[in-house]
Structures are given as structure tokens and as C-alpha cells.
Amino acid sequence: MKRIHLFLFIFTLSICSFAQKNYTVKEIPSPKLAGQNHFVSNPDGILSDVASLDEKLIELEQQTRVEFAIIVVNNFDANYEDFEFAKAIFDEWKIGKAGSNNGLLLLIAKDRRKYRFISGSGVEGLLPDVVLKQVGEQYLVPAFRENRYDEGISDAINAINDKLTNPKSKSEIQGLISLEKKKSFDWKFALGSSFLIILLFILVFKLVNKQAKKQKNTENQKSKSFTITTVSAKSSNNKELKKTILNDKNGYEAVYAKGCVGIFFFVFISIFILAFTGGFGLLENLKVSHIPYIIYTLLAVGLFFRYYAYIGTLRRKHFDDENFLEAVKEFHYKYWWIIIFSPLIIIALIIHAFKKAKTVERFKPLFDSRNMEMFRMDRDINLEGEPFLTKGQRKEELIKAYDYDIWESTDKKEHLVKVWPAEEYDSFIECPSCKFRTYQLNKQVTTKAATYSSSGTAKLTNECSFCDHVEFIKWITLAQLVKSSSSSSSSSGGSSSSSSSGSFGGGSSSGGGAGGSW
């Protein structure tokens with residue numbers, strides 16, 4: 001019989017121990033899961049009239065703008081002290097409104113016989129630690145000692161309401177309300193400004209795209225009907241030449257391409273930094289009012305590179321440098337206001353102004369033997385410059401070693417050819433064979449590509465792009481490719497989602513509050 005009694009005692013004790021729940025931070029159910037007008041979490045059923053407490057807390061928030069959450073449990077994680085646990089929950093739930101930080105939390109642990117207030121940083125001036133300690137000792141402790149938990153909490157809520165509505169506290173409360181209104185205004189201003197900025201930039205991008213499309217259509221028509229007026233017998237060579245020029249990646253398009261790649265890497269690295277380092281504290285200082293400026297900056301950079309792409313379209317359309325510079329000038333004169341949307345374009349304007357200034361001497365009219373002004377040949381019309389340029393000179397133009405300007409007298413009896421260094425002048429030297437500046441030094445040509453299983457080979461040569469004169473220098477061994485040894489690991493955790501009709505507003509606490517025991 002004694003053994004049976006002992007067994008029943010142990011069995012009962014085991015049931016009680018299993019029934020006792022020591023909650024972790026994640027396991028405490030948020031009252032907002034039941035709706036926006038719920039503030040009390042009572043998972044162990046210690047309180048008998050949660051609804052009336054919720055009503056008081058709703059009234060408190062309406063009158064004082066303080067969001068007061070209450071948690072009543074038997075016990076919680078033994079690894080936490082009451083302050084640490086309450087602070088962790090406050091941070092997890094983000095009690096209060098973001099910006100005003102008007103949250104207040106009361107944690108009650110029945111078995112530990114402890115209570116703890118945690119106040120948001122915006123409430124600490126209204127409810128200093130000493131005031132919360134006074135409320136706890138005067139209303140919570142006496143009632144809890146007699147197991148009157150509902151009554152003690154209700155009296156504490158009334159006391160806090162009285163203190164907040166005291167005339168001395170009203171000015172601070174009004175400041176809190178004003179802060180909330182300002183926060184709401186900041187959001188509306190940020191969203192409205194961002195929408196307006198995006199809309200305006202869409203219109204500007206459409207305008208630039210329309211101009212680019214118009215230039216492209218003109219370019220295609222010109223390509224289809226392209227003929228050389230001086231030599232019509234070489235139409236196949238002319239078409240191939242025109243195709244080469246139209247597909248040429250000029251410096252402006254290179255800026256656009258590099259800019260796009262740069263933006264991609266910037267966004268990728270930014271996301272990486274924000275995801276794995278928290279942005280080095282930048283997000284903490286980020287305000288809602290900064291959003292329009294961020295959007296403007298990103299779109300302005302994008303417009304800058306789109307502008308460069310359009311200038312590249314003009315460059316491809318005009319082989320003649322003077323026509324190109326005039327086309328760019330005309331665009332700037334017509335759409336000068338675009339710098340309002342992207343001040344970076346001012347840099348391009350300055351660069352263009354310097355380039356144009358350097359060509360003043362180049363495009364200055366020459367005079368023939370009769371002292372009559374000569375006319376410069378339009379190279380958009382006579383693309384090859386025949387019969388005045390040789391094939392070698394034409395090749396020099398194509399590889400951008402030299403630019404040739406052809407001047408003719410009005411009677412077509414005299415002509416002059418002026419040579420000017422072009423963009424790739426320093427990349428070539430005079431060929432020892434054909435004497436044209438088409439000779440490239442140290443050109444590496446791969447003969448066998450390197451793989452992951454074997455090395456490759458390449459030859460280093462000096463080579464002429466016109467007469468194909470080649471001078472072999474040496475063979476080069478290309479290193480065998482090596483596979484990356486980086487390892488990646490991924491972890492996945494179970495996630496659960498539950499539908500809720502409410503949430504706390506994103507507040508934070510600096511650790512203020514008070515606690516005690518009974």
C-alpha cells in the first residue's frame with residue numbers, strides 16, 4: 001500500500017513538473033495575435049478578466065499615446081533574469097511606435113514572485129524609473145501577496161493613467177503626440193515625394209529614349225541607303241565599312257557599359273553588407289525623410305549613364321567629329337534642364353566643352369593658293385575619304401590612331417589633308433613595313449586555351465593591322481585553371497506563419513524601467 005502511495009505521489013509530481021512551462025522569449029504569445037486592441041498576454045490563465053484590462057489599456061493609449069503591454073506567466077527561461085527576459089521581449093515585439101518609442105511593458109512571473117517594468121525611450125521622461133517603482137510597490141506587491149493579480153494590475157493601470165494625465169505630464173504627452181504626427185507626416189511626405197520623383201524621372205527617361213530611338217531609325221535608314229558618292233564600284237566594301245562603324249563600341253558607350261556593371265556590383269555589395277553586417281550602423285541613422293533623397297540619387301546616377309549611352313548613339317551616327325560635336329551641342333542647348341535631374345551631367349558638359357575647345361584650331365578654315373577659303377569635307381557623306389585618303393590612312397582612322405580632315409577649294413582643283421592624333425594614338429606605332437601607324441606592340445594571341453586539367457599557350461607578337469606584318473617575340477605559358485575551393489553552407493530553420501490582425505508599432509527601449517518582488 002505504501003508503495004502505491006509513493007508511486008502516485010511521484011506520478012503526480014511528474015505531471016506537475018511537465019505541466020509547468022518555462023517560457024522562452026519566442027514562446028510568449030503576443031496579444032496582438034488576437035487583434036490590434038489586445039494588450040495582455042495570459043498564456044497560463046492566471047488572470048480571470050483579461051477583457052476588462054484590455055479595455056483599460058485601450059483607453060490609456062487613446063488618452064496618452066502610451067502603448068502598454070502586460071505579460072503574466074508562471075515562469076520563464078531559467079537562464080534569464082527578469083530584466084533580461086523582459087527587455088528581450090520588448091525588443092522582440094517592438095512595443096510602441098517607431099520614432100516616438102512610446103512603449104511600456106509589465107512582466108509578471110508568479111512562481112518567481114517578481115515583476116518588471118520596461119519603458120520605451122520616449123516614455124522614460126513621462127514615467128521615470130522611480131515612478132514605476134512606486135506604482136509597483138504601492139499597487140502590485142500588496143495585491144499579489146494575496147493572489148489578487150487582476151485587481152493589482154488594474155490599480156497599477158489606473159495609477160499610471162493618473163500620472164500621465166497629470167497637468168505636469170501633459171506637456172510631455174503633447175510632445176509625444178506631436179512626434180507621432182511628425183512621424184506620420186514624414187511618411188506621407190516621403191511617399192509623396194518619392195512617387196513624384198519617380199514619375200518625373202520616368203518622363204525624362206522616356207524623352208531620352210525617344211531621342212535615341214529617333215537617332216537609331218535615322219541611322220538604320222542611312223545604313224540601308226549608304227553609298228559613297230566618289231567611288232560607287234566598291235559598294236560591298238562600303239557596306240562592310242559602315243557596318244563596322246555602326247557596331248563600334250565608342251568611349252561613350254564604354255562608360256555606359258562600365259556604369260551599368262558598376263551599379264550592379266554596388267547594389268550587390270550593398271545588399272551583402274546590409275544582410276551580413278547590419279550596414280555598419282547606417283540603418284540605425286536612416287530616417288524616413290531620407291528615402292526621397294536616396295531614390296533621387298539612384299535615379300540621377302542611372303540617368304547620367306543613360307545620357308552617356310545616348311551620346312554614344314550620336315557618336316555612332318556621326319563619323320565626322322565636327323558633326324558629332326555640333327549634334328551634342330544642339331542636344332545640350334535643347335535639353336539643358338536635364339542637369340536638374342542629374343547634376344553629374346555637368347561633368348560631361350565640362351568634358352565636352354574642353355573637347356570642343358581643343359578642336360577650334362582643327363576646324364579653323366584653310367585657304368587655297370588664291371587665298372580663297374576652303375571647305376572641309378563632310379565625312380558623314382564621304383565616309384572613306386576617297387579619292388584623297390589611301391587604304392592605310394583609312395585603316396588608321398578605323399583603329400582611331402589618326403583623324404584625317406580633307407579640305408577642298410571651291411573649284412575642286414585643290415585639296416589639303418590634315419592629320420590629327422585620335423583616341424588610340426598611343427596604342428600604335430609606325431609599322432616598319434607599310435609605314436602606317438597601325439603597328440601594335442606586345443599583342444598576345446592565345447593558341448591553346450588553359451583548362452582545369454592542363455595549361456595553355458599563347459604567343460606574344462608585334463602585329464600590323466593593315467599589312468599583317470607580324471614579328472614573333474616569344475611563347476607564353478598560360479596557367480592551368482584552378483577550381484575555387486570556397487565552401488558554402490546554408491542553414492534552414494523552420495518557420496511558421498500565423499495570421500494576425502494586429503502588431504505593435506516598432507518601438508525600442510534603452511533599458512529604462514523598474515522591478516521588484518513580493
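Residues numbered from 1 in each chain as written. Predicted model: local features only at pLDDT ≥ 70, side-chain atom pairs only at ≥ 80, totals over all residues. Heavy atoms only, no water.

A. Structural context of the sheet that holds strand β11 (residues 456-464). Pairing within the open sheet is antiparallel, and its three strands lie in the order β10-β11-β12. Looking at the sheet topology across the chains shown, the edges are occupied by β10 (439-448) and β12 (470-478). Going from strand to strand, the sheet's axes swing by 25° on average, the running direction of each strand aside. In terms of strand pairing, β10 meets β11 through seven bridges, oriented antiparallel. Opposite Y439, over in β11, you have C464 as the bridge partner. (Pairing = 2+ DSSP bridges. Helix = DSSP H or I, 4+ residues; strand = E, 2+ residues; numbered from the N terminus. Axes fitted to C-alpha atoms, helices over the stretch in contact; angles between N-to-C directions.)

B. Highlighting the nonpolar core. Counting 34 residues, the largest nonpolar core has F68, I70, F117 and I153 as its most contacted members. Listing elements by their share of this core, those giving two or more residues are α2 (50-64), β3 (67-73), β5 (103-109), β6 (114-119), α4 (129-145) and α5 (149-164). Once residues within four sequence positions are removed from consideration, I70 is found in contact with F39, V40, S41, L57, L106, I153 and I157. I311, L314, I338 and F363 belong to the second-largest nonpolar core, a separate cluster that totals 25 residues. (Core = buried A, V, L, I, M, F, W, Y, C linked by side-chain atoms within 4.5 Å. Buried < 20%, exposed > 50% of the residue type's maximum accessible area, 1.4 Å probe, protein only. Contact = heavy atoms within 4.5 Å.)

C. Summary view of the pattern of salt bridges. Taken as a whole, this structure holds 22 salt bridges when the rule is applied. Between R315 and D321 there is a salt bridge whose closest N-O contact spans 3.0 Å. A salt bridge links R370 to D411; its shortest N-O distance comes to 3.2 Å. In this pair, R370 sits in the loop between α12 (345-358) and β7 (375-376) while D411 sits in the loop between β8 (402-408) and β9 (415-421), placing the two residues 41 residues apart along the sequence. Residue class for R370 comes out partly exposed when judged on its relative accessible area of 46%. What emerges from the salt-bridge pattern is a single network uniting R315, D320, D321, E322, R362, R376, D403 and D405. (Salt bridge = Lys/Arg side-chain N within 4 Å of Asp/Glu carboxyl O.)

D. The packing of α4 against α5, seen in detail. At their nearest, the axes of α4 and α5 sit 8 Å apart, and the two run at 155° to each other. Judged by the inter-axis angle, α4 sits roughly antiparallel to α5. Between α4 and α5 lies a crossing of right-handed hand. In this structure, α4 contributes V131, Q134, V135, Y139, L140, A143 and F144 to the contact, and α5 contributes Y149, G152, I153, D155, A156, A159, I160 and K163. Split by residue class, the contact of α4 with α5 holds eleven nonpolar, two polar and two charged. (Parallel < 35°, antiparallel > 145°, perpendicular 65-115°, else oblique. Left-handed = near helix turned anticlockwise from the far one by under 90°. Nonpolar A, V, L, I, M, F, W, Y, C, P; charged D, E, K, R; others polar.)

E. Layout of a nonpolar patch on the surface. The grouping of F195, L196, L199, L200 and L203 at the surface amounts to a nonpolar patch, some 490 Å² of accessible area in total. Among the secondary structure elements, F195 is positioned in helix α6 (residues 167-224). (Patch = residues over 30% accessible without salt bridge, like charges linked within 9 Å, V, L, I, M, F, W, Y side chains within 5 Å. Areas by Shrake-Rupley, 256 points an atom, 1.4 Å probe, with all protein chains shown as cover.)

F. Spotlight on unusual backbone geometry. Going from E386 to P387, the amide bond is cis rather than trans, its omega being 5°. With respect to the helices, strands and loops of the structure, P387 is situated in the loop between β7 and α13 (391-398). Although it is not a glycine, K412 sits at a positive phi angle of roughly 65°. Mapping K412 onto the fold places it in the loop between β8 and β9. For K435, which is not glycine, the phi torsion reads 70° and is therefore positive.

In short, the description is geometric, and any link to function would need to be established separately.
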